[in-house]
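Analysis of the macromolecular model
Residues per chain, in single letters:
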Amino acid sequence: MELKDKLVSSFFAYEGNGLDVHSPIHDICSDAIKKFDKKGFPTKKEEAWKYTSLNAVLKQNYNLYPKGDTGLEFKDVMRYFIHEIDSYKIAFVDGRYSSNLSATSHDGLDVCLMSSALSKPKYRIIIENYFNKVANTEDSLTALNTAFLKEGAFINIPKGKVVDKPIQILHFSTGKEPALMLQPRNLIVVGENAHVQIIERHQSLTDNPVLTNSVTEIFANKQAIVDYYKIQNDKQSASLIDNTYISQKRNSHAFVHTFSLGGNLTRNNLNFYHKDEHLDSTLKGITIIGDKQHVDHHTLVNHAYPNCESHQDYKGIFGDRSTGVFNGKVIVEKEAQKTNAFQQNNNILLDDKATINTKPQLEIFADDVKCSHGCTVGQLDEDALFYLRSRGIPAKEAKALLMYAFANNVLESVKIPEVKARINKLIAKKLGVNLGFEL
Amino acid sequence: MGYTEEELKKELETKEYEYGFYTDIESDTFPVGLNEDIVRAISRKKEEPEWMTEWRVEAFRAWEQMIEPEWANVTYKKPDFQNISYYSAPKKKDKYNSLDEVDPELLETFNKLGISLDEQKKLAGVAIDVVMDSVSVATTFKKTLAEKGIIFCSISEAIKEHPELVKKYIGSVVPQKDNFYAALNSAVFSDGSFCYIPKGVRCPMELSTYFRINEAGTGQFERTLVIADKGSYVSYLEGCTAPMRDENQLHAAVVELIALDDAEIKYSTVQNWFPGGKDGKGGVYNFVTKRGLCETNAKISWTQVETGSAITWKYPSCVLKGDNSVGEFYSIAVTNNYQQADTGTKMIHLGKNTKSTIISKGISAGKSQNSYRGLVQVNSRAENARNFSQCDSLLMGNNCGAHTFPYIEAKNKTAQIEHEATTSKIGEDQIFYCNQRGIDTEKAIALIVNGFSKEVLNKLPMEFAVEAQKLLEISLEGSVG
């Protein structure tokens, strides 16, 4: 049975998530499965999926309902956490909440679970106001996630709260099932003047195939600051489709850094929607992959109000037979005068079989704007390599040094030192060098 | 008193399409609709050989299976392909031997357009092939060119007189089944220009084709084939106009360029089809497939100034097949009122050390939408490919849009590709600077737009550059945002 049919029939067989059939959420889920049933998985015929084919990934016979607890200990997976610092933690194992790996809180803020937010009456208003409100309901993968709404992280930061430590969201898959499909759904609401830092990671612990179709909705209210880090360094059997939707209010700042260093197929759909004036959005990413890996960054910044800014900077280094895709879309609507939108995508191809497809796209309907995009594809500078080698630096290190320098712009803006150090280590490991210092 | 923005706007709005007149020439038009019989009838009418007829029919059968593309960033009412007459020729008795025999009214048309064939012949030294309602009516300077061995004639003539060349090259760059409109064109093209430059010959003058749609309810489907043999050079010019009409006219042309080893082709277009009224009524649908093939060390350079057409859908492309070949694309696209343009280029790097340059300038005013859509593709065997792309957009007023869709696909690590794009408006400080020095706003805008487009205008042959500059002014004056 094809995955699509399996998903649709299992939705009707189990009514998806076991929610009360009379709740409004149930209607949203029913509508979503209908939409997914109609549209199906995206194919290469769709413009947005021109360079990324899901065919191979969808062939697996995924288990949709993994069995209970796996008894994972913190020490087994500690290295996947940013464990050097104190943090709130929400951890999921095979799609289920794992209390022994987590450190949640209800003290002045809510760092808890989607399932409890859905079931507890005190969160009803928040769910009604925010759930599925910014996600693109027309998108078939998002609809599929919505239909199977069950678990995920729920973070609610009240007005004026500066969260004292970062929040880590981790999704582990243990490989207990021969093949597993996960669909976490996260909702993050950041109140006026509140400030939060979030680190998200998906990690597979064995080589059994995993497909994750994740949806995260983030709401940044007035003057809120949201700082979000996505660390993608998964096993080569794991594929990830990450759909993130961010809605921003006046004077808010949202930063999303995506580090794509692993995985089989990774697709990041990162969407920013501006709901008021004087706000800014920052999207940055580093992609370093090799082998037959595939990373696709699809970004959208929708400038709908005047006096807003957006900054995009994506760097990619592609080795071996890997494929990179970048599709950055900036829309400046008619009312969005005085918009400043910048987009930059630089790529290095290391090997003959590596491919990069990039499409920095601008759609502009307002005249008093400053919009630019730049895009380059090239290789390491021979002269620079020669310079370093003539000073006694071996070729491998010299190359790594240049690649570090190339990616450094993005790394510089990481605000949590421990995250920066971790990414540095991951990059060094990826490049197979030890430079003896951190940049 | 200065020239106020209001006045400017008014003047711009009331600026009529200068070339909108209808020539009353008796013409020979086919019944509307399209089927295999019509295709065969066109071929018969043109007294074409059997292979050509079959080639057309093959294209038609392919076309029937195809669906109209919808991916372009334009919205329009799709033309009803069964409601178009696929053949319209100015009625002719015999072949003209000299210009004197041409219908005087037709000549008058050209005079109105400022293209007096006679005069142009003497003064400008440009050899022109005039295609009216898809049939070539006059080719000038044929003799002078023949001395050099250059063949410059209508394509129907070429099919009869140089079948070996046509047979070898037609459809070799744009296959019949390439796309919906190319297939349609292949089936029903009624005429067009053919040009062959022999080995090592440098064409002594600019060759030029002039297109005009005259008859109502007809489509124009011309086909141009330019072959530059080894080591030759040719500069080719193409101009277009159409009378003002309420209904939309369809123009689906195919241009194929073949540059053999060491040859160079420079192809310039000034497209000024009727853009539709200021309320967006009428105008020409311009769905054109243009592609050039470069062999070793060859160079193809496309230059286009697009000011007309209600809908433009056009991507002059270069297939850089040979090593060291060069492709260039210089474009100015101006849209005003309700015009929509989706234009750009494709540079396909196949050979080693291939280079391409793309300079695109988009200017949108009124309620128009202007898109750049380009593809730079470097295949895995194209070592040391180099591309530089720059697309700048200028917006005038906040009812128009400027869009950029660059596709970059690199499969070789030695490729060096740069792309940059900017969008801006005419700065108030720039205008103020001019005003301060006694240049009125209208002139200042012309000056700034001219400067904005300079890189492309510079690439046009002299005669065209003047016309293009004038066209820019007509299309844009006073649209200050």
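What you see is a predicted model, and the numbers here were worked out from it, not measured in a lab.

**As for the overall build of chain A**
Within chain A, the regular secondary structure consists of 10 helices and 20 strands. The C-alpha atoms of chain A give 21 Å as radius of gyration, which agrees with the globular expectation for 439 residues (22 Å, within 12%). Taken over 439 residues, chain A has a buried fraction of 50%. Contacts in chain A between residues at least 24 apart in sequence constitute 81% of all its contacts with a sequence separation of at least 6.

**Topic: helix α9 (residues 180-188) of chain B**
Residue and element names in this part refer to chain B. With eight of its nine residues buried, α9 lies for the most part within the structure. Of the positions making up α9, those classed as buried are Y181, A182, A183, L184, N185, S186, A187 and V188. Tucked into the core, α9 has its buried residues touching α2 (36-45), α3 (50-65), β9 (223-228), β12 (254-259) and β14 (283-294).

**Remarks on the confidence of the model for chain B**
Residues and elements named next belong to chain B. For chain B, per-residue confidence averages 79 on the pLDDT scale, and 77% of positions sit at 70 or higher. Low pLDDT, under 50, characterises residues 92-99; the stretch is placed with six contacts to residues that sit more than four places away or in other chains. Within the model, pLDDT remains below 50 along residues 118-125, and this stretch shows eight contacts once partners closer than five positions in the same chain are excluded. With pTM at 0.83, the complex prediction returns an ipTM value of 0.80.

**Some details on the nonpolar core**
Membership of the largest hydrophobic core comes to 206 residues, with the highest contact counts inside it found for A:V190, B:C195, B:A228, B:L257, B:A259 and B:I265. Residues within four places of B:A228 in sequence aside, it is in contact with B:I197, B:V234, B:I258, B:A259, B:L260, B:A263, B:E264 and B:I265. By size, the runner-up hydrophobic cluster in this structure holds 23 residues, among which are A:F11, A:F36, A:V57 and A:L149.

**Topic: helix α10 (residues 417-431) of chain A**
Residue and element names in this part refer to chain A. The end-to-end C-alpha separation of α10 is 21 Å, in line with the 21 Å expected for 15 residues at 1.5 Å each. V419, R422, I423, I427 and L431 are the residues of α10 that are buried. Within α10, the buried residues cover an arc of 165° as seen down the axis, which keeps them to one side. Turned more than 90 degrees from where α10 packs its buried face, P417, K425 and K429 sit exposed. On its buried side, α10 packs onto β8 (195-204), β10 (225-232), β12 (253-260), β14 (280-289) and α9 (395-412). In the segment just after α10, G432 is the residue with positive phi, at about 70°.

**Topic: the packing of helix α10 (residues 428-436) of chain B against helix α11 (residues 441-457) of chain B**
Residue and element names in this part refer to chain B. Running from amino to carboxyl end, α10 crosses α11 at an angle of 125°, the nearest separation of the two axes being 9 Å. Classified by the angle between their axes, α10 and α11 sit oblique to one another. Where α10 crosses over α11, the two elements pack in a sense that is right-handed. Along the contact surface, α10 presents Q430, I431, C434 and N435, while α11 presents T441, A444, L447 and I448. Tallied by class, residues from the contact of α10 with α11 come to five nonpolar, three polar and no charged.

**Description of the pairing of β9(B)**
All names here are of chain B. The element β9 is largely enclosed, with a buried count of six among its six residues. Sheet analysis places strand β6 (residues 193-197) next to β9, joined by four bridges and oriented parallel. If you follow C195 over to β9, its bridge partner there is V226. In this sheet, β12 lies alongside β9 in parallel orientation, the contact comprising six bridges.

**What about the pairing of strand β25 (residues 416-425) of chain B?**
Of the two faces of β25(B), only one is covered, namely that formed by B:I417, B:H419, B:A421, B:T423 and B:K425; the face formed by B:Q416, B:E418, B:E420, B:T422 and B:S424 stays uncovered. Both strand β20 (residues 370-378) of chain A and β25(B) contribute to a ladder of seven bridges, which runs antiparallel. Residue pairing in the sheet places A:T376 in a bridge with B:E418 of β25(B). Inspection of the sheet shows strand β23 (residues 386-395) of chain B paired to β25(B) by 10 bridges, in the parallel sense. Bridging across to β25(B), B:N387 finds its partner in B:I417.

**Observations regarding the interface of chain A and chain B**
With 33 residues of chain A at the interface, the matching set in chain B holds 32 residues. Of all the secondary-structure elements, those providing two or more residues to the side of chain A that touches chain B are β19 (355-364) and β20 of chain A. In terms of residues, the side of chain A that touches chain B owes the most to one element, β19(A), which gives 10 residues. Each residue belonging to the side of chain A that touches chain B can be placed in one class, and the counts come to 13 nonpolar, 11 polar and nine charged.

**What to know about unusual backbone geometry**
All names here are of chain A. With a phi close to 50°, D94 is a non-glycine residue in the positive phi region. Checked against the element boundaries, D94 lands in the loop between β1 (88-93) and β2 (96-97). D94 sits in the buried class, given 24 other C-beta atoms within 10 Å. Positive phi is not limited to glycine here, since N193 has a value of about 60°. Tracing the sequence through the fold places N193 in the loop between β7 (185-190) and β8. Judged by local crowding, N193 falls into the partly exposed class, with 18 C-beta atoms found within 10 Å.

**Quick look at the environment of A:D27**
Examined against the element boundaries, A:D27 turns out to sit in helix α2 (residues 24-39). Taking the C-alpha atoms as reference points, A:D27 and A:A147, 120 residues apart in sequence, are found 9.5 Å from one another.

**Quick notes on the packing of α9(A) against α10(A)**
Residues and elements named next belong to chain A. For the pair α9 and α10, interaxial distance at closest approach is 11 Å and the crossing angle is 150°. Looking at the two axes, α9 sits roughly antiparallel to α10. Relative to α10, α9 is oriented so that their crossing is right-handed. Side by side, α9 and α10 meet where A400, M403, Y404, A407 and L411 of the first sit next to K420, I423, I427 and L431 of the second. Taken together, the residues that form the contact of α9 with α10 break down as eight nonpolar, no polar and one charged.

**Section: the environment of B:L165**
As for its position among the elements, B:L165 is in helix α8 (residues 163-169). Filtering out sequence-adjacent residues up to four positions away, B:L165 remains in contact with B:A158, B:Y196 and B:I227.

**Notes on the environment of A:K122**
Residues and elements named next belong to chain A. Within the secondary structure, K122 is located in the loop between α5 (114-119) and α6 (124-130). Among the residues examined, K122 registers 8 C-beta atoms within 10 Å and is labelled exposed. C-alpha of K122 to C-alpha of D110: the two residues are 12 residues apart in sequence and 12 Å apart in space.

Analysis parameters
- Residues numbered from 1 in each chain as written.
- Chains lettered and ligands numbered in written order.
- Predicted model: local features only at pLDDT ≥ 70, side-chain atom pairs only at ≥ 80, totals over all residues.
- Helix = DSSP H or I, 4+ residues; strand = E, 2+ residues; numbered from the N terminus.
- Rg over C-alpha atoms; globule rule 2.2 N^0.38 Å.
- Buried ≥ 20, exposed ≤ 12 C-beta atoms within 10 Å, placed from the backbone.
- Contact = placed C-beta atoms within 7 Å.
- pLDDT = per-residue confidence, 0-100.
- Core = buried A, V, L, I, M, F, W, Y, C linked by C-beta atoms within 7 Å.
- Expected span 1.5 Å × (residues − 1).
- Arc of directions from axis to C-beta.
- Axes fitted to C-alpha atoms, helices over the stretch in contact; angles between N-to-C directions.
- Parallel < 35°, antiparallel > 145°, perpendicular 65-115°, else oblique.
- Left-handed = near helix turned anticlockwise from the far one by under 90°.
- Nonpolar A, V, L, I, M, F, W, Y, C, P; charged D, E, K, R; others polar.
- Pairing = 2+ DSSP bridges.

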